[in-house]
Protein chains: 2
Amino acid sequence: MAKRTNDPEGLRRRVLDVAAEAFQRQGYHATGMHDLMRQAGVTGGALYHHFPTKKALGLAVIAERVAPQVQETWIDPVLAAPSTAAGIRAVLADIIAGLDARGAVSGCPLNNLALELSLSDIDFRAEIQAVFARWRGALAGKLRAEGRQDAEALAAFVVAAYSGAMAMAKADQTSDALAVCAGQFDALLG
Amino acid sequence: MAKRTNDPEGLRRRVLDVAAEAFQRQGYHATGMHDLMRQAGVTGGALYHHFPTKKALGLAVIAERVAPQVQETWIDPVLAAPSTAAGIRAVLADIIAGLDARGAVSGCPLNNLALELSLSDIDFRAEIQAVFARWRGALAGKLRAEGRQDAEALAAFVVAAYSGAMAMAKADQTSDALAVCAGQFDALLG
DNA sequence: ATATTTACAGACCGGTTGTCCGGTTTTAAA
DNA sequence: TTTAAAACCGGACAACCGGTCTGTAAATAT
């Protein structure tokens with residue numbers, strides 16, 4: 001029996017980090033629990049102790065990794081910007097710069113999991129739907145405060161177009177689709 | 001040994017139909033070969049004779065089922081319409097009506113497979129990218145013929161927004177996102 | 001110091017995965 | 001009629017899947 005240091009929070013964090021990365025890169029079903037154990041340097045007993053099932057781990061990844069990522073990369077910057085249009089422009093510019101710097105496009109984590117899981121499992125769907133709703137809601141709130149009467153529709157459209165553009169970008173491994181998206185948003189939101 | 005009737009084309013067609021449906025409903029990795037055999041009423045030997053690997057089957061599904069579906073539900077109707085804007089409007093109206101009638105949203109088959117496979121396998125990515133390119137190209141061609149100078153960008157944006165709207169629709173099992181999308185397209189394309 | 005709970009180790013299980021192969025039947029060619 | 005190729009059967013395969021178990025070390029309460 002090897003030495004060991006108890007560190008529940010750290011271990012849990014490590015597992016979530018590895019799982020979030022793997023789910024985004026390879027997908028949920030393509031990622032095995034044993035892969036995660038190996039990558040995170042965690043044994044089966046420890047993993048099972050924190051996440052009783054793979055589904056529980058998946059839900060935790062969405063709630064504690066994907067949702068905060070949407071919050072930090074999209075919602076917060078847009079809300080902090082002088083205008084919604086400027087915020088969206090800045091967010092897209094940041095994302096495009098990041099993609100070009102890394103030279104690879106792994107897609108929007110929310111959308112990846114959404115398309116893979118939302119149909120087959122109702123709990124996943126609920127969690128994913130909630131993230132989408134908060135995302136749209138935040139944009140719509142700011143748009144409404146700026147006097148737009150079609151705020152909800154505009155917000156939904158922006159989120160949809162971004163998600164789809166990211167999917168296309170993933171397929172052809174270029175940020176072009178996002179750049180196009182940014183240009184159209186400028187024309188649309190003034 | 002049971003009686004048997006040789007019917008290569010029919011068997012191949014049946015397998016592709018079942019696989020296309022299963023891949024869309026459950027995803028590629030979540031669908032097992034044995035499930036497909038059972039659903040299609042086909043033995044392992046027969047399946048292996050026509051598709052040496054699961055990947056080969058997946059590629060065939062994209063080339064012979066998903067791509068034609070994009071062609072028939074999107075490209076052909078738009079090209080046949082009096083104007084691109086009218087064509088897109090009609091296509092979206094049809095899709096929304098179909099979704100509402102079925103009461104379930106299983107998402108855009110191209111996008112489903114794109115997000116699940118394009119990152120992990122280069123052959124899948126190439127096939128998917130080609131379908132996206134043909135889709136955008138067809139819309140762009142018609143837009144350019146109508147005198148639009150930002151035809152390529154507009155076409156890419158339409159495809160992206162539709163794909164993303166379908167993803168959101170899948171997450172909340174409502175055609176609302178697509179309706180929003182249709183409305184914005186009207187404003188955008190006049 | 002003792003008892004209890006929490007955190008982790010690591011082997012293990014039944015089921016499923018994609019794949020493959022030896023044999024048989026059907027079909028077409030010679 | 002003989003021969004060969006294509007189509008199909010049905011099951012076995014090793015690897016792997018997610019999940020479970022027993023046991024032990026560490027932390028915490030008593």
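That block above? That's the structure.
Residues numbered from 1 in each chain as written. Chains lettered and ligands numbered in written order. Predicted model: local features only at pLDDT ≥ 70, side-chain atom pairs only at ≥ 80, totals over all residues. Heavy atoms only, no water.

**Q** Looking at this model, I keep getting lost on the protein's contact with DNA strand C. Mind explaining?
**A** Within the structure, DNA strand C sits among 26 residues, and A:Asp7, A:Thr43, A:His50, B:Met33 and B:Lys54 are positioned closest to it. Of what DNA strand C places within 4 Å of the protein, 68% of the atoms are sugar or phosphate. Residue A:Asn6 places a side-chain N or O atom 3.5 Å away from a sugar or linking oxygen belonging to DNA strand C. One of the side-chain N or O atoms of A:His49 is found 2.9 Å from a phosphate oxygen in DNA strand C. Where the surface near DNA strand C is concerned, the elements lending two or more residues are helix H1 (8–26) and helix H3 (44–50) of chain A together with helix H2 (33–40) and helix H3 (44–50) of chain B. Sorting elements by how many residues they give to the surface near DNA strand C places H3(A) first, with 5 residues. Split by residue class, the surface near DNA strand C holds 9 nonpolar, 12 polar and 5 charged. (Near = heavy atom within 4 Å. Polar contact = N/O pair within 3.5 Å; in protein donor to acceptor, adjacent residues only side chain to side chain. Helix = DSSP H or I, 4+ residues; strand = E, 2+ residues; numbered from the N terminus. Nonpolar A, V, L, I, M, F, W, Y, C, P; charged D, E, K, R; others polar.)

**Q** Help me understand the relation of the copies chain A and chain B, please; the structure alone is not making it clear to me.
**A** Once turned by 180° and shifted 0.0 Å along the axis, chain A lies on chain B with an RMSD of 0.0 Å. Such a turn and shift between the copies fits a two-fold axis. Interface overlap between copies: 98% of the residues of chain A at the interface are likewise at the interface in chain B, consistent with a symmetric, same-surface contact. (Least-squares fit on C-alpha atoms with pLDDT ≥ 70 in both. Contact = heavy atoms within 4.5 Å.)

**Q** It is not clear to me how the environment of B:Arg136 should be interpreted in this structure. Could you clarify?
**A** Note that B:Arg136 resides in helix H7 (residues 122–145). Once residues within four sequence positions are removed from consideration, B:Arg136 is found in contact with A:Met168, A:Asp172, B:Ala155, B:Ala156 and B:Val159.

**Q** I would appreciate a short explanation of helix H4 (residues 54–80) of chain B in the present structure.
**A** Since one α-helical turn is 3.6 residues long, residues separated by three or four positions face the same way. Residues and elements named next belong to chain B. With 27 residues, H4 extends 36 Å from end C-alpha to end C-alpha; this agrees with the ideal 39 Å at 1.5 Å per step. Within H4, the axis deviates most sharply at Gln71, by approximately 35°. Considered for burial, the residues of H4 that qualify are Leu57, Gly58, Ala60, Val61, Ile62, Val66, Ala67, Val70, Trp74, Ile75 and Val78. The elements touched by buried residues of H4 are helix H1 (8–26), H2, helix H5 (84–102), helix H6 (109–117), H7 and helix H8 (151–172). (Expected span 1.5 Å × (residues − 1). Bend = angle between axes of the 7 residues up to and from the residue. Buried < 20%, exposed > 50% of the residue type's maximum accessible area, 1.4 Å probe, protein only.)

**Q** Hey, could you run me through the protein's contact with DNA strand D in this one?
**A** Around DNA strand D sit 23 residues, and of these A:Met33, A:Lys54, B:Asp7, B:Thr43 and B:His50 come closest. A share of 68% of the atoms of DNA strand D within 4 Å of the protein falls on sugar and phosphate groups. In this structure, A:Met33 approaches DNA strand D through a main-chain N or O atom, which is 2.6 Å from a phosphate oxygen. The separation between a base nitrogen of DNA strand D and a polar side-chain atom of A:His34 is 3.0 Å. Counting only elements with at least two residues in the surface near DNA strand D, the list comes to helix H2 (33–40) of chain A together with H1 and H3 of chain B. Examining the composition of the surface near DNA strand D, we find that 5 residues originate from one element, H3(B), more than from any other. Considered class by class, the residues forming the surface near DNA strand D number 8 nonpolar, 10 polar and 5 charged.

**Q** Where do I start with the nonpolar core in this structure?
**A** A general trend in soluble globular proteins is that nonpolar side chains are found buried together. Counting residues in each nonpolar core, the largest one holds 138 residues, and the members touching the most others are A:Trp74, A:Trp135, B:Trp74 and B:Trp135. Apart from the residues within four sequence positions on either side, B:Trp74 is in contact with B:Gln69, B:Ile88, B:Val91, B:Ile95, B:Trp135, B:Leu139, B:Val158 and B:Tyr162. (Core = buried A, V, L, I, M, F, W, Y, C linked by side-chain atoms within 4.5 Å.)

**Q** Would you mind showing me how to read unusual backbone geometry here?
**A** Among all residues save glycine, negative phi is the norm, and among peptide bonds the norm is trans. All names here are of chain A. Unlike most non-glycine residues, Gln173 shows phi in positive territory, near 55°. Following the sequence through the fold, Gln173 ends up in the loop between helix H8 (151–172) and helix H9 (176–189). On the basis of relative accessibility, which here comes to 23%, the residue Gln173 falls in the partly exposed class.

**Q** Can you help me understand the interface of chain A and chain B in this one?
**A** Listed as interface residues are 40 residues of chain A and, on the opposing side, 39 residues of chain B. Counting each side, the surface lost to burial between chain A and chain B is near 3,400 Å², with a carbon and sulfur contribution of 72%. Interface area lost by chain A to chain B is led by A:Leu115, A:Phe157 and A:Met168, which between them contribute 21%. Seen at the junction of chain A and chain B, the total is 0 salt bridges. At the surface where chain A touches chain B, the tally comes to 4 residue pairs in polar contact (both at pLDDT 80 or more). Those elements giving two or more residues to the side of chain A that touches chain B turn out to be H1, helix H6 (109–117), helix H7 (122–145), H8 and H9 of chain A. Here the side of chain A that touches chain B gets 15 residues from one element, more than from any other, and that element is H8(A). Taken together, the residues of the side of chain A that touches chain B sort by class into 21 nonpolar, 12 polar and 7 charged. (Buried area = accessible area lost by both parts, 1.4 Å probe. Salt bridge = Lys/Arg side-chain N within 4 Å of Asp/Glu carboxyl O.)

**Q** What's the story with the side chain of B:Thr84 in this structure? I'm lost.
**A** Residues and elements named next belong to chain B. Along the chain, Thr84 turns up in helix H5. By relative accessible area, which is 0% here, Thr84 ends up buried. Dropping the residues within four chain positions of it, Thr84 is found in contact with Val78, Lys142, Leu143 and Glu146.

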